[in-house]
2 protein chains.
Amino acid sequence: MSKSFNDLLSRVSACSVKKVAVAVAQDSAVLEAVQAARERNIAEAILVGDEDKIKDVAASIHMDLSGYEIIDEKEDYTAALKAVELVHTGRADMYMKGLIDTKSFLKSVLDKEVGLRTGKPLSHVCVFEVEGIDHLLFLSDVAFMTYPTLEDKVHIIENTVQVCHACGIPVPKVAPLAAVEVVNPKMPVTVDADALTKMCEEGKITGCIVDGPLSLDLAIDPAAAKHKGAEGRKIVGDADILLFPDIHAGNLVYKCLVHTAKVKNGNILTGTKAPVILTSRSDDFETKVNSLALGAVVAEALKGC
Amino acid sequence: MSKSFNDLLSRVSACSVKKVAVAVAQDSAVLEAVQAARERNIAEAILVGDEDKIKDVAASIHMDLSGYEIIDEKEDYTAALKAVELVHTGRADMYMKGLIDTKSFLKSVLDKEVGLRTGKPLSHVCVFEVEGIDHLLFLSDVAFMTYPTLEDKVHIIENTVQVCHACGIPVPKVAPLAAVEVVNPKMPVTVDADALTKMCEEGKITGCIVDGPLSLDLAIDPAAAKHKGAEGRKIVGDADILLFPDIHAGNLVYKCLVHTAKVKNGNILTGTKAPVILTSRSDDFETKVNSLALGAVVAEALKGC
């Protein structure tokens with residue numbers, strides 16, 4: 001079971017080296033992460049983009065390109081399609097965004113011919129190691145799905161549970177979060193949380209335990225859960241998955257953790273045939289490398305070890 | 001200008017000692033806070049409740065009751081009404097919840113005869129000192145107003161700006177928060193944030209600077225704001241007031257700070273004639289004392305030094 005990013009890296013190194021196809025690879029931050037992923041035995045990369053520019057950027061960061069497969073394609077969207085097709089056909093195991101805008105990148109992910117769509121909605125999973133919390137937290141959705149319906153929330157849970165399973169957490173605990181712990185018809189998010197809990201009890205959501213609505217302290221702090229009295233609850237400060245009411249709540253908590261707590265994190269896009277790594281320019285170097293490690297374990301689980 | 005709770009305590013000690021009327025005072029955690037508030041010259045208390053029980057509880061925590069005014073009233077709601085009336089008539093400067101349920105306590109706050117209503121909506125202000133942030137953050141609303149309308153948000157800003165002014169922050173910067181920094185008609189919270197920004201520019205909201213929508217990193221992290229490029233923005237990681245989209249987003253961030261970051265905090269209810277201290281059973285001792293200090297500076301500002 002992965003309880004930290006170090007555990008996750010051990011898990012990665014126990015499997016065969018994965019391949020990541022990078023769309024429009026001429027980006028220094030992305031190439032630095034790719035280089036570190038090779039050094040740490042996380043993944044090898046196939047670099048798709050403008051070869052001259054890739055070589056220039058690599059030189060500027062003292063990166064040795066020998067042994068990397070480079071596919072020369074100067075037009076950005078065509079490069080993205082060529083990169084995603086490598087994953088579609090199984091030549092690569094995961095797909096990563098380079099120097100291309102998010103909208104075009106996502107269009108390539110969803111391309112009907114060569115993309116990675118499964119027919120299910122995509123969702124974003126952000127994994128955190130937080131100082132003071134003894135296991136990884138899986139947050140969703142903090143970046144992609146804006147106002148999930150009850151049906152969307154079922155998909156978010158399924159997508160995120162799959163990531164937990166890949167990380168060796170056999171029965172993750174899912175906390176549908178709210179400001180309160182009781183169902184209140186005037187707060188629709190608590191009604192959804194209750195419905196999700198019942199769906200899990202009835203076997204309509206599987207592979208996990210769902211218990212909500214929950215406030216954040218009851219979800220992540222065993223002492224607070226004990227103090228408040230959490231008799232009869234299935235989650236007592238030991239949630240693995242934090243399900244947010246909407247993108248605003250999710251994104252604000254995500255940024256609160258990054259900017260005020262001591263954390264490590266990584267994130268991937270799920271609901272696709274293979275993991276998609278969509279780091280943002282504000283993510284630091286370690287976050288990009290952690291995201292590749294996370295992508296590698298999920299790719300391994302999707303393919304079988 | 002108060003940049004920390006220590007600054008706030010210095011500010012309190014520069015003024016005359018305030019009086020807090022406690023509703024149903026026979027509560028050990030509340031009496032401990034009241035005792036500390038006296039020791040630190042924050043406030044004296046008038047204890048309203050069952051005198052026998054107050055004496056028993058005081059004895060159990062080795063609290064010396066000499067010098068405290070005690071008003072004996074065994075019926076809880078009557079005790080609350082007697083306590084709030086002390087504030088209503090000016091004999092006390094602030095009102096604090098003891099061993100009474102929140103609903104009854106708030107009913108006493110809003111009582112037409114002896115309560116503290118102003119005709120404006122009440123809102124909750126939670127003040128944080130966060131390790132790594134060089135000034136106090138004023139969060140609203142994380143506990144009281146559930147789904148504020150645009151008009152409610154104007155009141156929340158006015159209430160919170162008043163608290164900032166009391167803390168010596170002459171022109172607080174208000175960040176209406178969202179997951180994104182651009183207005184998107186599909187995200188009503190961004191439309192509201194933009195409207196609030198324009199209302200401030202047009203002089204309809206005064207005593208502060210409003211700039212939104214803002215993501216949390218741009219609101220509280222100057223380095224992130226610089227990295228993302230915040231040209232033309234009035235807030236570049238230096239927000240004082242964090243305005244939340246709804247109670248879920250606010251409460252989740254509030255609990256994220258309390259349970260994962262290194263913080264001090266205190267909170268009061270505003271929009272009333274005098275500050276109301278409504279700490280919850282999960283607040284620790286220092287939070288209760290900080291809340292009394294915050295109430296004292298606000299009471300001072302409302303009365304004039």
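Residues numbered from 1 in each chain as written. Chains lettered and ligands numbered in written order. Predicted model: local features only at pLDDT ≥ 70, side-chain atom pairs only at ≥ 80, totals over all residues. Heavy atoms only, no water.

Focus: the overall build of chain A
- Along the backbone of chain A there are eleven helices and eleven strands.
- Against the globule reference of 19 Å for 305 residues, chain A gives a C-alpha radius of gyration of 19 Å, in line with a compact fold.
- Dimensions of chain A, computed from C-alpha atoms along their principal axes, come out at roughly 60 × 35 × 35 Å.
- Every one of the 305 residues in chain A was classed for burial, and the buried ones make up 59%.
- Sequence separation of at least 24 residues holds for 70% of the intrachain contacts in chain A that already meet a minimum separation of 6.
- Only carbon and sulfur atoms are counted for the fraction: they give 52% of the accessible area of chain A, which is about 11900 Å².
- Side chains of chain A carry 33 positive and 43 negative charges; the gap between the two charge centres is 2 Å. (Helix = DSSP H or I, 4+ residues; strand = E, 2+ residues; numbered from the N terminus. Rg over C-alpha atoms; globule rule 2.2 N^0.38 Å. Buried < 20%, exposed > 50% of the residue type's maximum accessible area, 1.4 Å probe, protein only. Contact = heavy atoms within 4.5 Å. Areas by Shrake-Rupley, 256 points an atom, 1.4 Å probe, with all protein chains shown as cover. Lys, Arg positive; Asp, Glu negative; His and termini not counted. Charge placed at Lys NZ, Arg CZ, Asp CG, Glu CD.)

Structural notes on unusual backbone geometry
Residue and element names in this part refer to chain A.
- Going from Gly 212 to Pro 213, the amide bond is cis rather than trans, its omega being 0°.
- As for its position among the elements, Pro 213 is in the loop between β8 (209-210) and α8 (216-220).
- Even without being glycine, His 62 reaches a positive phi, approximately 55°.
- Among the structural elements, His 62 can be located in the loop between α3 (51-60) and β3 (69-72).

Here we look at the confidence of the model for chain A
- When the pLDDT values of chain A are averaged, the result is 95; 99% of them are 70 or greater.
- ipTM for the predicted complex: 0.94, alongside a pTM of 0.95. (pLDDT = per-residue confidence, 0-100.)

A closer look at the pairing of strand β6 (residues 137-140) of chain B
Residues and elements named next belong to chain B.
- Every second residue of β6 is oriented toward a common face, with Leu 137 and Leu 139 on one face and Phe 138 and Ser 140 on the other, all of them buried.
- Where strand β5 (residues 123-130) and β6 come together, three bridges link them in antiparallel fashion. Each bridged residue has a counterpart across the sheet, and for Cys 126 the counterpart in β6 is Leu 139.
- Taking the residues that link successive antiparallel strands as the turn, the β5-β6 hairpin has six residues, and the phi of Gly 132 there is positive, at about 100°. (Pairing = 2+ DSSP bridges.)

Observations regarding the relation of the copies chain A and chain B
- Taken as rigid bodies, chain A and chain B are interconverted by a rotation of 180° and an axial shift of 0.0 Å, the fit giving an RMSD of 0.0 Å. Such a combination of rotation and displacement between the chain copies is what one expects of a two-fold axis. Nearest to the rotation axis, the C-alpha of A:Ala249 is located 2.0 Å from it, this being the minimum over chain A.
- Both copies contact each other with a shared surface, as 100% of the interface residues of chain A are interface residues in chain B too. (Least-squares fit on C-alpha atoms with pLDDT ≥ 70 in both.)

Here we look at the pattern of salt bridges
Residue and element names in this part refer to chain A.
- Enumeration according to the criterion identifies 40 salt bridges over all chains in this entry.
- Here Arg 91 ties to Glu 69 by a salt bridge, and the two come within 2.8 Å at their closest N and O atoms. Linking Arg 91 in the loop between α4 (76-88) and β4 (94-97) with Glu 69 in strand β3, this pair joins segments that are 22 residues apart in sequence.
- Among the residues examined, Arg 91 registers a relative accessible area of 44% and is labelled partly exposed.
- It is possible to trace a salt-bridge network through shared partners that takes in Asp 50, Asp 52, Asp 72 and Lys 74. (Salt bridge = Lys/Arg side-chain N within 4 Å of Asp/Glu carboxyl O.)

A few points about the interface of chain A and chain B
- Taken together, the contacts link 36 residues of chain A with 36 residues of chain B.
- Of the roughly 3100 Å² buried between chain A and chain B, counting both surfaces, carbon and sulfur atoms make up 69%.
- Summed over the shared surface of chain A and chain B, the result is two salt bridges.
- Here B:Lys255 makes a salt bridge to A:Asp217, at a shortest N to O gap of 3.7 Å.
- The tally of links between chain A and chain B comes to four residue pairs in polar contact (both at pLDDT 80 or more).
- Within the residue set of the side of chain A that touches chain B, elements represented by two or more residues are α7 (188-201), α8, α9 (222-228) and α10 (247-260) of chain A. (Buried area = accessible area lost by both parts, 1.4 Å probe. Polar contact = N/O pair within 3.5 Å; in protein donor to acceptor, adjacent residues only side chain to side chain.)

Some thoughts on the environment of A:Leu269
Residues and elements named next belong to chain A.
- Mapped onto the elements of the fold, Leu 269 is located in strand β10 (residues 263-270).
- The class for Leu 269 is buried, based on a relative accessible area of 0%.
- Put simply, Leu 269 and Thr 279 are ten residues apart on the chain and 9.5 Å apart in space, counted from C-alpha to C-alpha.
- If sequence neighbours within four positions are ignored, Leu 269 has contacts with Leu 106, Leu 122, Ser 123, His 124, Phe 144, Pro 275, Val 276 and Leu 278.

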